[in-house]
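Overview (structure and organization)
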Amino acid sequence: VSATPEELALGKAKFDVTCAACHGPNGAGLQGSSAPPLSNRTDYANISRVITGGQGEMPALAAMLQPQEIEAIAKYVVKTLGPQPRAPGGRPPAED
C-alpha cells in the first residue's frame, strides 16, 4: 500500500479524533478498553472494511467519514502504526 504525505497527515488527523479514544493515540490500545491494538497491522483491506462497516463492538463509521478519510486512516495505521522497517542486519531500529 502506498500513501502520500498528505494522505498520512489526513489519516493521522482523523485517527486522532475518531479512533484514538478507544485504540490509544499510538494505536497500542488502552488499558481497560476492549478495542484491540492496531500496532503491527498490515492488513489494509481488512482495516478499511472494519472502519467502513464495523465489527463486534466497533461501530460502522461510513456515515461519518468520507471514503478518502477511511482510506487515509487505514493507510496511516498500516504505514505509521504498522511494522517498522528493520535496520540492516535484521535488527529493529534503535530506540531514540
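On to the overall build of the protein chain. Assigned secondary structure in the protein chain consists of four helices and zero strands. Traced from its N-terminal end to its C-terminal end, the protein chain shows the element sequence α-α-α-α. Sorting the 96 residues of the protein chain into buried and exposed places 29% on the buried side. Taking the intrachain contacts of the protein chain between residues at least 6 apart in sequence as the baseline, contacts between residues at least 24 apart amount to 52%. Carbon together with sulfur atoms contributes 56% to the accessible area of the protein chain, which is approximately 6100 Å² in total.

Turning next to the environment of I70. By the element assignment, I70 lies in helix α4 (residues 67–81). Taking the relative accessible area as the measure of exposure, I70 reaches 5% and is therefore buried. Along the sequence, I70 and G11 sit 59 residues apart, while their C-alpha atoms lie 7.8 Å from each other.

A water-sized probe, rolled over the atoms, reveals where empty space remains. Taken as a whole, the largest pocket spans an internal volume of roughly 480 Å³. In this structure, the largest pocket is lined by 22 residues; those nearest its centre are H23, A35, P36, V50 and M58. Counting residues per element, the ones that place at least two in the lining of the largest pocket are α1 (5–18), α2 (20–23), α3 (44–53) and α4. Here the element with the most residues in the lining of the largest pocket is α3; it accounts for four residues. For the lining of the largest pocket, the class distribution of residues is 14 nonpolar, six polar and two charged.

The rules behind each value
- Residues numbered from 1 in each chain as written.
- Predicted model: local features only at pLDDT ≥ 70, side-chain atom pairs only at ≥ 80, totals over all residues.
- Heavy atoms only, no water.
- Helix = DSSP H or I, 4+ residues; strand = E, 2+ residues; numbered from the N terminus.
- Buried < 20%, exposed > 50% of the residue type's maximum accessible area, 1.4 Å probe, protein only.
- Contact = heavy atoms within 4.5 Å.
- Areas by Shrake-Rupley, 256 points an atom, 1.4 Å probe, with all protein chains shown as cover.
- 1 Å grid on protein atoms, 1.4 Å probe; cavity = no way out; pocket = protein on both sides within 12 Å on 5 of 7 lines; lining within 4 Å.
- Points joined across faces, edges and corners; volume = space filled by probe spheres on them.
- Nonpolar A, V, L, I, M, F, W, Y, C, P; charged D, E, K, R; others polar.

Without other data, these values stay purely geometric and don't point to any function.
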